[in-house]
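Each chain, written out:
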Amino acid sequence: MSEAVRNTLVKLQAFIGLIGFAALTPLLILVAVLSRLIAKLCCCSAPKSIEGEVAVVTGAGHGLGRAIALELARKGCHIAVVDINVSGAENTVKQIQDIYRVRAKAYKANVTSHGELVELNTKVVEDLGPVTVLVNNAGVMLHRNMIDPDPVDVQLMIDVNLTSHFWTKLVFLPTMKALRRGFIVTISSLAGVFPLPYSTSYTTTKAGTLAHMRALRMEMALENQKDIHVTTVLPTFLRTNSDVTQLTDTMGVAELYPLVSGEEAAHRIVAGMLRGEAEITLPGLASLLYRLIQIFPADWQDRLILLLSSSRFKKLRDERS
Ligand SMILES: NC(=O)c1ccc[n+]([C@@H]2O[C@H](COP(=O)([O-])OP(=O)(O)OC[C@H]3O[C@@H](n4cnc5c(N)ncnc54)[C@H](O)[C@@H]3O)[C@@H](O)[C@H]2O)c1
């Protein structure tokens, strides 16, 4: 058989497969919705306990990371509070120790350095025990110059928001695999699915973490590690960082949807993590919106997003130029 005929047959086979998949789609949607409903009504996915486990929370010296560290401590987990900002990390430890009877310790580590994370793991294991909960939260959100960012700032954002998750996985996952249990929670952003103009580095890193965790979840399934849960979080704007709040004020974001507090987000994230949810969007309604919008061709998706937001982004661009 000639190569041209073989290629045509392969294309035909792919086309038939696609038609079959399209025909099955309504049924698959129905099954997915029903299984969600049944799980909710029957509480099939009962939350796991993390009492006595050890969690590493990166970027826990401030904002969402601190709120997650406190929420995990409320569930009885011992906490390694990791940040480049030591005083922030110590402040979080104090807040945990003032309220909860768990062990907590502050660690200075830069998540962009694989070597520092290896040292961190050694210290945490000595002080608190093996790590079975990893929260990849540390992040950089805004460039100093949004419109024309410095290459060094672009690289830093990629290193902190995207590359560091490869290093934390390399360092902390082997123990979880050996113990055959664990939780990996990665804070992505809705920007990973609803692109933010003038924040292309941020959008890229957050889309990258979403894809990274999807592939990792499949690896865990292939390796039959069903008790290692990988959860990706896609929050909208939060009330945790004053630079972001200033930006959202400029854009009038609060008129579209009220900003979510760190505590509210942390409560939802830890509850979802304990139920082994794969992806959590904040607010939940956004997940429906982004799935609906993805039905459209890419240029229509761009148009629809701009229809809702172009005046806000133009205002931002004019103010920051
Ligand atoms: N604030 C929002 O509106 C929003 C929205 C969606 C997603 N997120 C994501 O949530 C996460 C937390 O955001 P936040 O608002 O709490 O931010 P934040 O700026 O309040 O806190 C981030 C923390 O990370 C630490 N950090 C930064 N670089 C680090 C590094 N290299 N190594 C170790 N620690 C480092 C900082 O010192 C800080 O304590 C980020 O990943 C962010 O992208 C935030």
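Residues numbered from 1 in each chain as written. Predicted model: local features only at pLDDT ≥ 70, side-chain atom pairs only at ≥ 80, totals over all residues.

Which entries qualify depends on this criterion: UniProt positions are given in the numbering used here, feature names are shortened, and annotations may be inferred rather than shown by experiment.
As named in an unreviewed UniProt entry, the protein is Short-chain dehydrogenase/reductase 3, taken from Drosophila erecta. In its Sequence similarities (unreviewed entry) section, the UniProt record describing the protein reads: "Belongs to the short-chain dehydrogenases/reductases (SDR) family." What the UniProt record of the protein gives under Function (unreviewed entry) is the line "Catalyzes the reduction of all-trans-retinal to all-trans-retinol in the presence of NADPH."

**A short note on the environment of Leu-190**
Stated precisely, the cut-off is as follows: Numbering of helices and strands runs from the N terminus; a helix is a DSSP stretch of H or I covering at least four residues, while a strand is a stretch of E covering at least two.
Tracing the backbone through its elements, the reader meets Leu-190 in the loop between β5 (182-187) and α6 (200-222). Measuring from C-alpha to C-alpha, the distance between Leu-190 and Asn-161 comes to 14 Å, with 29 residues separating the pair along the chain.

**Points about the site of the ligand**
Stated formally: Near, as applied to residues and a molecule or strand, means the residue's backbone-placed C-beta atom lies within 6 Å of it. When residues are grouped by polarity, Ala, Val, Leu, Ile, Met, Phe, Trp, Tyr, Cys and Pro land in nonpolar, Asp, Glu, Lys and Arg in charged, and all others, Gly among them, in polar.
In the neighbourhood of the ligand, 28 residues make up the surrounding shell, with Gly-59, His-62, Gly-63, Leu-64 and Gly-139 lying closest. At 3 residues, helix α2 (residues 63-74) tops the list of elements feeding residues into the shell around the ligand. Taken together, the residues that form the shell around the ligand break down as 12 nonpolar, 15 polar and 1 charged.

**So, the UniProt feature "transmembrane region" (unreviewed entry) in the protein**
Here, UniProt's "transmembrane region" (unreviewed entry) annotation points to residues 12-34. The annotated region residues 12-34 carries 100% helix and 0% strand content, and the separation between its end C-alpha atoms amounts to 33 Å.

**Here's the deal with the sheet that holds strand β7 (residues 279-282)**
Strand-to-strand pairing in sheets goes through backbone hydrogen bonds, with the strands running parallel or antiparallel. Stated precisely, the cut-off is as follows: Here, any two strands with at least 2 DSSP bridges between them count as paired. Only the stretch in contact is used when a helix axis is fitted, and all axes are lines through C-alpha atoms; the angle between N-to-C directions ranges over 0 to 180 degrees. It is the C-beta atoms, placed from the backbone, that decide contacts: two residues are in contact if theirs lie within 7 Å.
If you trace the 7 strands from one edge of the open sheet to the other, you get β3-β2-β1-β4-β5-β6-β7, paired in parallel fashion. Lying at the two open borders of the sheet, with one neighbouring strand each, are β3 (104-108) and β7. Across the sheet, the axes of successive neighbouring strands diverge by a mean angle of 15 degrees, strand direction being ignored. With 5 bridges joining them, strand β1 (residues 54-58) and strand β2 (residues 78-83) adopt parallel strand pairing. Looking across to β2, one finds that Val-54 is bridged to His-78. Against the sheet, helix α5 (residues 151-179) touches β1, β4 (133-136), β5 and β6 (228-235), its axis set at about 165 degrees to β4.

**Re the domain arrangement of the protein**
Let me state the cut-off plainly: Those domain boundaries reflect an automatic or database domain assignment.
Looking at the protein, the domain boundaries give domain 1 (1-44) and domain 2 (51-320). Using only C-alpha atoms to locate each centre, domain 1 and domain 2 end up separated by 32 Å.

**Quick notes on α6**
Operational definition: The span one expects for a helix is its residue count, reduced by one, times 1.5 Å. Buried residues are those with 20 or more other C-beta atoms within 10 Å of their own C-beta, exposed residues have 12 or fewer, and partly exposed residues lie in between; C-beta atoms are placed from the backbone.
Between its first and last C-alpha atoms α6 spans 33 Å; for 23 residues at 1.5 Å apiece the expected length is 33 Å, and the two agree. Of all the residues in α6, the buried ones are Tyr-202, Thr-205, Lys-206, Thr-209 and Met-213. Its buried side turned inward, α6 meets α5, β5 and β6. Two residues or fewer after α6 comes Asn-224, characterised by a positive phi angle close to 60 degrees.

**Details of unusual backbone geometry**
The linkage connecting Leu-282 with the following residue, Pro-283, adopts the cis geometry, with an omega of 0 degrees. For Pro-283, the position within the fold is in the loop between β7 and α9 (285-293). Even without a glycine there, the phi angle at Arg-180 is positive, about 60 degrees. Take Arg-180: it is sitting in the loop between α5 and β5.

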